[in-house]
Amino acid sequence: MRLRAFLKDKWTFLLCQAGMVALLVALLIGLHFPAAGVAFFGACLLAVSAAGLMAEFFRKRRFYRALAASLERLDQKQYLALVLETPDFAEGEILCDVLRQTGKAAQDELAALRQRQAEYHEYIEAWIHEVKIPIACADLLCENHPGELADSLREELERIERYVEQALYYARSVHVEQDYSVRELRLDTLVKAAVKKHARSLIARNTQLQFDGLEQTVYCDPKWLDFILGQLIANSLQYTAGTPRLTFCARESGDAVLLQLRDNGAGIPPEDLPRVFDKGFTGENGRRRGKSTGIGLYLCSRLCRKLHLQLTAASTPGEGTTMTIAFPKDSRSLLQD
Amino acid sequence: MHIHLIEDDGKLRGELVKLLEREGYRCTFEEEFEDTARRALAAGADLILLDVNLPGEDGYGVCREIRRHSDVPVLVVTSRSTELDELMSMQLGADDFIVKPYHPQILLAHIAAVLKRAGKPDADRAQYKGVTLHAAQGRAAYAGRETELTKNEQKILSYLLRHAGRIVSRDELMQALWQSDVFVDDNTLTVNVNRLRRKLEEIGAADFITTKRGQGYQI
């Protein structure tokens, strides 16, 4: 609060004061008081007014400064009303009261929304677990009644399954921290498990697999990593027109272990490359194929960040894409006993 | 080999039974879920397949109860893949853990692995029409003559023997091989099958594996 602003607000009061002093001075002069006395009296009156104003100015300034400082300090500004100290002047009291009431209303609204979101979240997770039962059942039906129809149906089921899994991990990605446990993992075990899980679609496309140098150990959560690998594998298959050739290789590089998945697919145009991990980005390839949601890679990179991994993409259009997951070597320190 | 199913979804259970019986397992199952653990034990199975999301009863409680009285292998099935679920299953003494929806081939691979670990190796049908597979020595025998097989050839022959009489599609065969860490592609499979055929022919079992055009193999 600046003094000038304060005085500007007080201009009617100041005008009245000045008028009153002028009146008194005129009266005293009319009553033939000595000029020196009149001047002294006028000065005294002005001094008293000024002192009163200053006292008020400092009191208010203290309050508003404390208010501004609290606001500055708070990470969540909406809690301002909770840390307010009630001032000793009427305007401040009104302000505090208003702030408290609006703050509380906002809090209530927020709490209701959070509650609703948590309930929806819970419902989505429960729903996903429910829907897995008929999927498993349909899968078994296909297995038990082999034939052309079953094969074709199974491909659709796999797509459903992939979308369901994506939804589950999307829902869960909000609180990775609560469902996360770091273990010592061998990359070959991990990669082979992911490959086995996607065996059917890989075999249906007659994929050639190659493993190279996967005898490395990393420290990470297997469940999330399995999902990420699955998404990357599905992506490679989706953007490869001919016979897919997937190479999984690992090597050490500086202070990280790099796991790479190389494919011989369409590749990503250089102008699209920086944005492939953006939410909703489908790019040239996605648009052409029209089946891209722009969620898969976004989710992968978000999960990687939460898992302290680094996911990067490199590509030569027409030759293929290499996705790299970097496991920092010091991630061993994340290992919980 | 006898598997006892604890699964509340009737249709799923029916299909599981079909699948497992086709693979040569004998199956029993529960339809009511009271006192499940005791009844499962009474079934005297070699392996219990337990879905932990049961109506009215806590699946983990069942698992603990089974483990308290017996060390029969338990394979836990769940539709939740959270850390907690896995931890619970393992701490309560389950032998393995698989998440729905599982692919049938993966389920079968898990079952075989659990049985093997429990020292109940799958009683593979190792003989058909005079051809015998001695898996331990990696040999096939026919009419007193023997031939040595590579790992891939053994796995192929073993799968065909297990499904003797039925047409096995190339995709199915490849899926089964992949589940046992043999990641062959189409060409390699052809080469391996042809080599296996030649070896069997050398010991006198000519035309043991027949090709059904566009369908797969049959013995």
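Residues numbered from 1 in each chain as written. Chains lettered and ligands numbered in written order. Predicted model: local features only at pLDDT ≥ 70, side-chain atom pairs only at ≥ 80, totals over all residues. Heavy atoms only, no water.

1. Digging into the overall build of chain A
Each helix and strand counted, chain A has 11 helices and 7 strands in total. In summary, chain A has a C-alpha radius of gyration of 36 Å against a globular reference of 20 Å for 337 residues, an excess of more than 25%. Projected onto the principal axes, the alpha-carbon positions of chain A cover approximately 120 × 45 × 45 Å. Sorting the 337 residues of chain A into buried and exposed places 42% on the buried side. At a minimum sequence separation of 6, the contacts of chain A that also span at least 24 residues come to 71%. Approximately 19100 Å² of chain A is accessible, and the part contributed by carbon and sulfur atoms is 57%. Counting 42 positive and 42 negative side-chain charges, chain A places the averaged centre of each group 6 Å from the other. (Helix = DSSP H or I, 4+ residues; strand = E, 2+ residues; numbered from the N terminus. Rg over C-alpha atoms; globule rule 2.2 N^0.38 Å. Buried < 20%, exposed > 50% of the residue type's maximum accessible area, 1.4 Å probe, protein only. Contact = heavy atoms within 4.5 Å. Areas by Shrake-Rupley, 256 points an atom, 1.4 Å probe, with all protein chains shown as cover. Lys, Arg positive; Asp, Glu negative; His and termini not counted. Charge placed at Lys NZ, Arg CZ, Asp CG, Glu CD.)

2. Focus on the sheet that holds strand β8 (residues 139-142) of chain B
Residues and elements named next belong to chain B. The strand order β6-β7-β8-β9 describes an open sheet built from 4 strands, whose pairing is antiparallel. With one partner strand each, in any of the chains shown, β6 (127-128) and β9 (145-148) form the two edges of the open sheet. In this sheet, β8 lies alongside strand β7 (residues 131-134) in antiparallel orientation, the contact comprising 4 bridges. Its bridge partner being in β8, His 134 is matched across the sheet by Arg 139. (Pairing = 2+ DSSP bridges.)

3. Here we look at the pairing of strand β4 (residues 74-78) of chain B
Where a strand is regular, its side chains alternate between the two sheet faces. Residues and elements named next belong to chain B. By the criterion of burial, β4 is predominantly enclosed, with 5 of the 5 residues buried. Alternating positions in β4 separate into two faces, Val 74, Val 76 and Thr 78 on one and Leu 75 and Val 77 on the other, with burial throughout. With 4 bridges joining them, strand β3 (residues 47-51) and β4 adopt parallel strand pairing. Looking at β4, one finds that Leu 50 is bridged to Val 76. Chirality of the crossover, the property in question, places the unit of β3, helix α3 (residues 59-69) and β4 among those that are right-handed. (Right-handed = clockwise from strand over helix to strand, strands pointing away.)

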